[in-house]
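# Close look at the chain arrangement
Okay, here's what each chain looks like letter by letter:
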Amino acid sequence: MSRPETVRSFRDRFAIGASLIPPVALLMIANRAGWVPGSPRVYLTVMPVVLGLGMLFPTLVEPWHRRFSRMRSWLGGRLVFLLLLGVYGVAVVPLAFLMRWVGKRPLDVARSGSSWVQSKGYGSLRDPF
Amino acid sequence: MRYVLGISGLYHDSAAALLGDGRILAAVQEERLSRRKNDARFPERSIRSCLDQAGITAVDLEAVAFYEKPILKFSRTLEVFLGWAPRGGRAFARAIPDWLGGRLDLRGRIRSALPGLRSECPILFTTHHEAHAASAFLASPFPEAAILTVDGVGEWATTAIARGSGAQIEPLEEIHFPHSLGLLYSAFTAYCGFRVNSGEYKLMGLAPYGEPCWVETLLEEVISLHEDGSFRLNLEYLDPLAEDHLTNARFHDRFGGPPRRPDEPLEKRHLDLARSIQGVTERALLGLARRAHKQTGSAHLCLAGGVALNCVANGRILREGPFEKLWIQPAAGDAGAALGAALAAWYGPLERGGLAAPRTPTASDSMGGGFLGPEESPEAVEASLKRLDAVWERLDAEALLERVVDALIAGKVVGWVQGRMEFGPRALGHRSILGDPRSPDMQSRMNLKVKFRESFRPFAPAVLAERSAEFFGLSGESPYMLLVAPVADAQRIPVAREAEGLDRLKQVRSTLPAVTHVDGSARVQTVDAERNPQFHALLKRFEARTGCPVLINTSFNVRGEPVVGSAEDAYRCFINSQIDVLAVGPCYLERERQPHAALPRSFEAIPD
């Protein structure tokens, strides 16, 4: 629910205004690639202007801010997912094969034999490990 | 008074529990307050509720205990990925952000959730199975006992045997991940189309409709049970890193097809698989119980861990196992581990960082009947009803009992909200929907029109403790509805010809058809005046009018909803279902007098 302009915190206003900067940044990148007319200086000048306008009139910008936040979360989540998949492939999988090569198997997946493991005790309550 | 707070959460069923000088003052599951089923988030509401119930703030806490060791659990998670690689990449990418996003720094998280917590107040960490063991033994009436805890997985242990004596718990031996009975049962739960960590008891309820024709296959190919009570899973059929279905293509080929979607009808093979896995689980648990007896020599057994909610298996352990007495933690799942963590901290030895309090078990257990949650005053109840424009009569205790019994005899379904909220998954007469068990159509009516749930699911009886032996083959008490027992022969009605599959539901098998399952069993709650005076009084009044000391007692909620907590939750559920009468505190409400046909739900519906 939108709050009246006067009761928003500076941090909220800044966040709402800042959500206008990425589209301008994308336009600037497109300008550098020659797809959009104008000079980079114009776009650089526009950025603080839109930030200021967004901070002064947050209610007007808020619908965009909400959509932008959802897009950002979605994109951020997927980027992190892909990054961690990369970490898995580049670090975890080779390490796993190396461990198997030297005879270390973290998981006991044998099908036979007792699976009882003698308890080593509960350890100190002060330790989280 | 010295206060210790226990916390569980961040995986499923978050909860908090508060002890005062070792006595359980309060315990609350987060889902009851947040209205999100199986809520796994950090239990801030539960913590606040526990402190409010005791009239204290964080400043007054002597210690805070968390139910597992997060860094040990994280290292196990990493080792499992190393052991499972090259499989598991997607699970890794999903799991790591959760850990880095706050699961590792529990101290910081706890301190920020408890403003005012003194810097010298220690934050302690039990192991997961220590928390379960403590919740079972230290709350039990036994001075010494064998302790068996069985669940999906804690840090490494999935099964643990310990010896309890006095205030001390000595861990003896464990079975480690991935060999997990809880994981196996959950795999079949998901395969049959129910939700993991909440649908397991549906699988248990489905089992009597099937045939045990898959048992040998399961024992030869999926799980091997050993003479020493241990077991091993064949991981070629399971995917332990998958969060939802847990089974793989080989499993699907072997057992007749892909996992059932919740909207698809149940087939015979699902019924047979449910029956078979239930049988295998019971055998495994009996083997574990015998091992626990051999290792400890005790005549008493305490049970906890999510698998201890399998009350059919519990009944078999009691009847066929080597122990004379059995006590099961009513909140046997992870919610109860919050209580266990607090108890472990309270009684734990000084050298381990505990408070080293002495323990004197009482003849009854220390769970206070399981009624450890908040309650509302009559004035607060009326204020809520007024806010919702409800129409009610305020009655004194006697008049309320009479009117409720009138409604029950007339075949009406009654919502009953009295006193403190239960802690644990079962409703025990404080947040219950009640009905007449003698009615042949009550089970299907309540399932379909009141609870909006699968028609095959049986309802449970609450019976006066002093007359339970006449109706059920149960030796001893069952105040927490954690034991399944056969309906007594004197109440059984022979069935001329047994139908097949789900058609068995329609056949009347006893004088209490609504609470008799198709195999002639019932999940019994014995109600005594000491633990549960108000519900006992209601049962006595019903018995006086009808001769029957039994009522249907099912939890006050509909499908996908946590059990109601407040008067407002109860009223909304009452309006949105086909419950005929609501008795909340001293207030009596009838459906036809209410101005609403429907109200916005107070809960986040979680699909099956």
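Here is what the cut-offs are and how they apply
Residues numbered from 1 in each chain as written. Chains lettered and ligands numbered in written order. Predicted model: local features only at pLDDT ≥ 70, side-chain atom pairs only at ≥ 80, totals over all residues. Heavy atoms only, no water. Salt bridge = Lys/Arg side-chain N within 4 Å of Asp/Glu carboxyl O. Helix = DSSP H or I, 4+ residues; strand = E, 2+ residues; numbered from the N terminus. Buried < 20%, exposed > 50% of the residue type's maximum accessible area, 1.4 Å probe, protein only. pLDDT = per-residue confidence, 0-100. Pairing = 2+ DSSP bridges. Contact = heavy atoms within 4.5 Å. Buried area = accessible area lost by both parts, 1.4 Å probe. Polar contact = N/O pair within 3.5 Å; in protein donor to acceptor, adjacent residues only side chain to side chain.

All names here are of chain B. Scanning the entire structure with this criterion turns up 41 salt bridges over all chains. Residue Arg35 pairs with Asp569 through a salt bridge whose shortest N-O separation is 3.6 Å. Note that Arg35 is positioned in the loop between helix 1 (30-34) and helix 2 (44-54) and Asp569 in helix 19 (residues 567-576), a separation of 534 residues in sequence. When its relative accessible area of 4% is taken as the criterion, Arg35 is described as buried.

So, on to the confidence of the model for chain B. Where the model shows low pLDDT, its predicted coordinates should not be examined in detail. Considering every residue of chain B, the mean pLDDT works out to 93; 99% of them sit at 70 or more. Interface confidence for the predicted complex, expressed as ipTM, amounts to 0.88; the pTM equals 0.91.

The next thing to look at is the pairing of strand 1 (residues 3-8) of chain B. Residues and elements named next belong to chain B. Counting buried positions along strand 1 yields 6 of 6 residues, so the element is predominantly enclosed. Bridge count between strand 1 and strand 2 (residues 15-20): 6 bridges; the pairing is antiparallel. Each residue of the ladder has a partner; that of Val4, found in strand 2, is Leu19.

Attention now goes to the interface of chain B and chain A. Taken together, the 65 residues of chain B in the interface contact 36 residues of chain A. In total, chain B and chain A occlude about 4100 Å² of area from one another, counting both sides; carbon and sulfur atoms represent 63% of this. At the boundary of chain B with chain A, the tally comes to 23 residue pairs in polar contact (both at pLDDT 80 or more). Ranked by residues supplied to the side of chain B that touches chain A, first place goes to helix 3 (residues 70-84) of chain B with 9 residues. Bridge count between strand 1 (residues 116-118) of chain A and strand 8 (residues 168-176) of chain B: 3 bridges; the pairing is antiparallel. Counted as the bridge partner of A:Trp116 is B:Ile175 from strand 8 of chain B.

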